[in-house]
Amino acid sequence: FFGLRPCEIDKELRVEGNFIIARNRKRKRGKIEFKKIPIHPLARKYIDFNKSLCCGFASKAQCKYLKLVLGGTHTAYSLRHTFSTLCQKSVRPDIVDIWMGDSPERLVGRFYTHFDDDFMYKQMEKVEFITSD
């Protein structure tokens, strides 16, 4: 539901209202930056956000475990790819880039565009996640 990199599921991961806050681990020169990802209403059905979201495993162990759970043919990054694909079916790619922690290459997107929380949450509500229910 969030498109996080495995290394971003750590003790700095937290919930604030309707958003997941995660440290963006792909910033250069030690720059510390956080990304804010809206929590899809369906995610609340499957995840207890009152508990820690950090599993306590090192990033490599998380990846190994997820590969096992996903049948050995997919990786933790497969979930990131799926998140991006599903989001881009319903939401503008530049917004998905923000959720993924990727900077849009255009100057306007990187420095001048700032969406408010209500707008971002409404965008996430448009995403149709597939479940087995």
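Before any of the text, the structure's been laid out above.
Computed from a prediction, not measured in an experiment: that's the story for all the values here.

K.L.:
Even after reading the chapter, I still don't get helix α4 (residues 93–100), so can you show me in this structure?
P.N.:
The periodicity of an α-helix, 3.6 residues per turn, causes residues three or four positions apart to be oriented the same way. Those residues of α4 that sit buried are I95, V96, W99 and M100. Down the axis of α4, the buried side of the element spans an arc of 140 degrees, and every buried residue falls inside it. Contacts from the buried residues of α4 go to β3 (34–38), α3 (76–88) and α6 (117–125). Positive phi appears at G101, one or two residues downstream of α4, with a value of about 90 degrees.

K.L.:
Before we go on, may I ask you to explain the packing of aromatic side chains in this structure?
P.N.:
The relative placement of two aromatic rings is captured by the distance of their centres and the angle of their planes. Overall, the coordinates contain 6 aromatic pairs when judged by the stated rule. Here F1 and Y46 contribute two aromatic rings whose centre-to-centre distance is 6.3 Å and whose plane-to-plane angle is 20 degrees, an arrangement assigned as stacked. With F1 in the segment before β1 (14–16) and Y46 in helix α1 (residues 43–46), this residue pair connects regions lying 45 residues apart in the sequence. Take F1: its relative accessible area is 26%, and that puts it in the partly exposed class. Residue classification places Y46 among the partly exposed positions, given a relative accessible area of 39%. Ring centres 4.9 Å apart and planes at 70 degrees place the aromatic pair F1 and F129 in the edge-to-face group. One end of the pair, F1, is in the segment before β1; the other, F129, is in the segment after α6, with 128 residues separating them in the sequence. Positioned above the aromatic ring of F34 is the side chain of R14, whose terminal nitrogen or guanidinium carbon lies 5.4 Å from the ring centre.

Rules used throughout
- Position numbers for residues start from 1 in each chain and track the written sequence from start to end.
- Since the coordinates come from a predicted model, pLDDT governs what is reported: local features require at least 70, and pairs of side-chain atoms require 80 or more to be given and counted, while whole-chain, interface and lining totals use all residues.
- Heavy atoms throughout the structure, all of them, feed into the side-chain values; hydrogens and water do not.
- Buried means the residue's accessible area, taken with a 1.4 Å probe over protein chains only, is under 20% of the maximum for its type, while exposed means over 50%, and partly exposed covers the values in between.
- The numbering of helices and of strands both runs from the N terminus, where a helix is a DSSP run of H or I of at least 4 residues and a strand a run of E of at least 2.
- The directions from the helix axis to the C-beta atoms are what the arc is built from.
- Note on definitions: a residue-residue contact is assigned when non-hydrogen atoms from the two residues lie within 4.5 Å.
- The pairing test for Phe, Tyr and Trp rings, Trp by its six-membered ring, is centres within 6.5 Å, and the orientation test on the planes gives stacked under 30 degrees, edge-to-face over 60, and tilted for anything in between.
- Lysine NZ or arginine CZ positioned within 6 Å of the ring centre and within 35 degrees of the ring normal marks a charge as sitting over the ring.

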